[in-house]
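Okay, here's what each chain looks like letter by letter:
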Amino acid sequence: MRKKIVAGNWKMNLLFEEALKLASDLNGWIADNLPEAEVIIAPSAIYLQTILENIDEQYLKVASQDVSAYESGAYTGDISAKQLDSIGLDFSLVGHSERREYQKEDDDLLAKKLQQLFQNQLYPIFCVGEKLEEREANQHFEVIERQILNVLKQQAPENLSKLIIAYEPVWAIGTGKTATPAQAQEVHAHIRKVIETHFGSELAISTPILYGGSVNASNAEELFSQPDIDGGLVGGASLKLEDFTQIILAAK
């Protein structure tokens, strides 16, 4: 049975004291309530080590929002997987739609990022999803299949058991729009079928697939009740303790 996961992507939000307090408060809430879902937060990179030092990873996990495609060298501003591993990090987002759009990250670059994470024993949360015009043209299945295969076929098969996938319809991120539970389930089932066809049923059954598209406290329970939705990648709602904890409780 796949474990439920709720991950909070804090993006470029919160000042240092605010981030540290939210992480500490969340850690305390999890310790008191012991929710069924595994909880991961992705703060800004400059906060990662301090937050790690001030939480109990028995209750709360920490992810980077990005990782370099390179092992080391003259890549100013990049952070390598080896560096993330050296501070005790276990997870990193890869291929978030904002980085695909604003930083023009393509599939080959994302494949290299996954390779770096796997080589350093980190777990990728690999984001895929279609834009509004692709959804309206009924190309979303094709787009998502291409995103998955272009990246995963460049990985060593034995590493794919560490993979977490997040489906984020780009048209539903930060817009207040959300895919209906039926729409989200349809795509999650498609992703699982793509994995089964190309990488085997065992991996398809065991891979967690999260939904990321304006998840909030009022829609989380219905989304997470779908058979192929294993939790959420949460944006703005993860910045508010009360909202985020309600979403965590919905994942069961």
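Higher on the page you've got the structure.
Residues numbered from 1 in each chain as written. Predicted model: local features only at pLDDT ≥ 70, side-chain atom pairs only at ≥ 80, totals over all residues. Heavy atoms only, no water.

J.: Give me the lowdown on helix α8 (residues 181-199), citing residues and values where you can.
T.: Between its first and last C-alpha atoms α8 spans 26 Å; for 19 residues at 1.5 Å apiece the expected length is 27 Å, and the two agree. All of the buried residues along α8 are Pro181, Ala184, Gln185, Val187, His188, His190, Ile191, Arg192, Val194 and Ile195. Just downstream of α8, Gly200 is the residue with a positive phi angle, here 110°. (Helix = DSSP H or I, 4+ residues; strand = E, 2+ residues; numbered from the N terminus. Expected span 1.5 Å × (residues − 1). Buried < 20%, exposed > 50% of the residue type's maximum accessible area, 1.4 Å probe, protein only.)

J.: Go over the nonpolar core with me, naming the residues and quoting the values.
T.: By size, the foremost hydrophobic cluster in this structure holds 65 residues, and its most contacted members are Val6, Ile41, Ile51, Phe126, Ile191, Tyr211 and Phe224. Per element, the largest residue contribution to this core is 7 residues, and it comes from helix α1 (residues 16-33). For Ile51, the contacting residues outside a window of four places in its chain are Trp10, Ala19, Leu20, Ala23, Ile41, Pro43 and Val62. Core analysis: the second largest hydrophobic core is formed by 13 residues, Ile5, Ala7, Ala42 and Cys127 among them. (Core = buried A, V, L, I, M, F, W, Y, C linked by side-chain atoms within 4.5 Å. Contact = heavy atoms within 4.5 Å.)

J.: Residue-level account of the layout of surface pockets, with values.
T.: The space that makes up the largest pocket amounts to roughly 680 Å³. Every residue lining the largest pocket is counted, 29 residues in all, and those nearest its centre are Ala45, Gln65, Asp66, Arg99 and Gln103. Secondary-structure elements contributing two or more residues to the lining of the largest pocket are α4 (97-102) and α5 (107-119). In terms of residue count, α4 provides more of the lining of the largest pocket than any other element does, 3 residues in total. By residue class, the composition of the lining of the largest pocket is 13 nonpolar, 9 polar and 7 charged. (1 Å grid on protein atoms, 1.4 Å probe; cavity = no way out; pocket = protein on both sides within 12 Å on 5 of 7 lines; lining within 4 Å. Points joined across faces, edges and corners; volume = space filled by probe spheres on them. Nonpolar A, V, L, I, M, F, W, Y, C, P; charged D, E, K, R; others polar.)

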